[in-house]
Amino acid sequence: MAVWDDVVGQDRVTAQLAAAARDADALVTAEHAGGRPRPGEQPEPQTSADRSGASQMTHAWLFTGPPGSGRSTAARAFAAALQCVSPDRALGGAPGCGFCDGCHTSLVGTHADVEIVRTDLLSIGVKETRDLVRRSSLSPAGGRWQVIVLEDADRLTEGAGNVLLKAVEEPAPRTVWLLCAPSVEDVLPTIRSRCRHLSLRTPPVAAVADVLVRRDGIEPEAADRAARATQGHIGRARRLATDERARSRRAAVLKLPLRVDDIGGCLKAAQELIDAAGEDAKQVAEDVDTKETEELRAALGAAAGTGGRLPRGTAGAMKELQDKQKRRSTRTQRDSLDLALVDLTGFYRDVLALQMGASVPLANEEVRASIHRIATSSTPERTLRRIEAVIACREALDRNVAPLLAVEAMAVTLRAG
């Protein structure tokens, strides 16, 4: 299975990345043979992409696209293709076989020359970025490329972005930066102007369902239902098809439009939505925080057991970990709440489709009766105002408005229409 097989519904993007990987492989091969071309210069036109005389390879890439489009998947696949060591390359095979040691270790995150950076916090700061810049200046241990995949480039603080700029502006000869963000506007203009931009689209529902069946072994009917419900979001579709708790939470969210008949119902529904997001954050904390805390205590030399006394002078390290866990909990709660609001937007999208007589399949076919009830008791104008209220709530949460206040305001607007 080639590394591109998991990049769903992005044929144009994978074609560009495959051409760049071929050029990158030719550069490395020529340098090992003693030709030593300059970075970005193709010594010997090898492919149809090269016959124009311009190399398709460059040192910095920006992958953008809506959530679920597979930005990080495409970046990882490209990283694997750059590290491909399949012997078939010498016989004309394309880099990115998916089976060799270079491809496999890159995809699972254990390759010595591939650094995959993601954050479960609200932002990426200057300190972490400086560590990445230092890493980027090293020569690749395996002799091919030093690849840094920054999956959350949109979470860089302004100071961190300025630190990164210098490394992207003057890269080491064998370093490749792969930045991922929802849109180009989420990245500093000075950084994005130095990257080659690849825009990914939302994958077709049928393509997402196919990959769930093929890769995850999900029943075709369940895969189709999950892909349609999430409107092509690959990660959410997989979770919805495999996690009963996710299905239960989504079912509860889709009942909210029927529960905002009065102010009391609005406030109660808002509180329950916040509580459900908090429960998600608590479950993540239970899975991760205890393990992290015990590992740090052991590393600091604490006595066995959770009540063991820490050595003197180590309280600061424990406080730093607790602060990190608190920030992670905040982001998890906000992410869970945002997913609920996306589901709510999909509900009103279906309402609008019925009101306008559109010949498109409903994303939430399982609650057609509720959708029909809302559609017949309101107008398209009111439905659009409700969709705008959900979008306004998401924007308010991005601006750090108190979640309960933002959701209560949305619920009241949903009632008024």
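Refer to the preceding data block for the structure.
Residues numbered from 1 in each chain as written. Predicted model: local features only at pLDDT ≥ 70, side-chain atom pairs only at ≥ 80, totals over all residues. Heavy atoms only, no water.

**Q** Before we go on, may I ask you to explain the nonpolar core in this structure?
**A** Nonpolar side chains tend to gather and get buried jointly when the protein is soluble and globular. Membership of the largest hydrophobic core comes to 36 residues, with the highest contact counts inside it found for Leu17, Trp61, Phe63, Phe78 and Leu178. Elements that contribute at least two residues to this core include exactly helix H1 (11-32), strand E1 (60-64), helix H2 (71-82), strand E2 (114-117), strand E3 (146-150) and strand E4 (175-181). Residues within four places of Leu17 in sequence aside, it is in contact with Trp4, Trp61, Phe63, Ala74, Phe78 and Leu198. By size, the runner-up hydrophobic cluster in this structure holds 33 residues, among which are Leu254, Leu341, Phe347 and Ala411. (Core = buried A, V, L, I, M, F, W, Y, C linked by side-chain atoms within 4.5 Å. Buried < 20%, exposed > 50% of the residue type's maximum accessible area, 1.4 Å probe, protein only. Helix = DSSP H or I, 4+ residues; strand = E, 2+ residues; numbered from the N terminus. Contact = heavy atoms within 4.5 Å.)

**Q** Explain the pattern of salt bridges here, please?
**A** Taken as a whole, this structure holds 24 salt bridges when the rule is applied. Note that Glu170 and Lys166 form a salt bridge whose closest N and O atoms lie 3.4 Å from each other. Among the salt bridges present, the one from Asp343 reaches Arg236, with a minimum N-O distance of 2.5 Å. Linking Asp343 in helix H12 (residues 315-356) with Arg236 in helix H9 (residues 234-242), this pair joins segments that are 107 residues apart in sequence. Accessibility classification places Asp343 together with Arg236 in one group, the buried group. (Salt bridge = Lys/Arg side-chain N within 4 Å of Asp/Glu carboxyl O.)

**Q** What's the story with H9 in this structure? I'm lost.
**A** In an α-helix, one turn spans 3.6 residues; hence positions three or four apart end up facing the same way. Every buried residue of H9 is accounted for by Ile234, Arg236, Ala237, Leu240 and Ala241. For H9, the angular spread of the buried residues around the axis is 165 degrees, confining them to a single face. Where the residues of H9 are buried, they touch helix H7 (205-216), helix H8 (220-229), helix H10 (244-254) and H12. (Arc of directions from axis to C-beta.)

**Q** Mind showing me how you'd approach the packing of H12 against helix H15 (residues 403-416) here?
**A** Geometry of a packed helix pair, given as the angle between the helix axes and the separation of the axes. At a minimum axis distance of 13 Å, the contact between H12 and H15 shows a crossing angle of 10 degrees. Viewed along their axes, H12 and H15 adopt a mutual orientation that is roughly parallel. Residues Leu337, Leu341, Leu344 and Tyr348 of H12 lie in contact with H15, whose contacting residues are Pro403, Val407, Met410 and Leu414. Split by residue class, the contact of H12 with H15 holds eight nonpolar, no polar and no charged. (Axes fitted to C-alpha atoms, helices over the stretch in contact; angles between N-to-C directions. Parallel < 35°, antiparallel > 145°, perpendicular 65-115°, else oblique. Nonpolar A, V, L, I, M, F, W, Y, C, P; charged D, E, K, R; others polar.)

Fair warning: the whole summary comes from geometry, so function is off the table for now.
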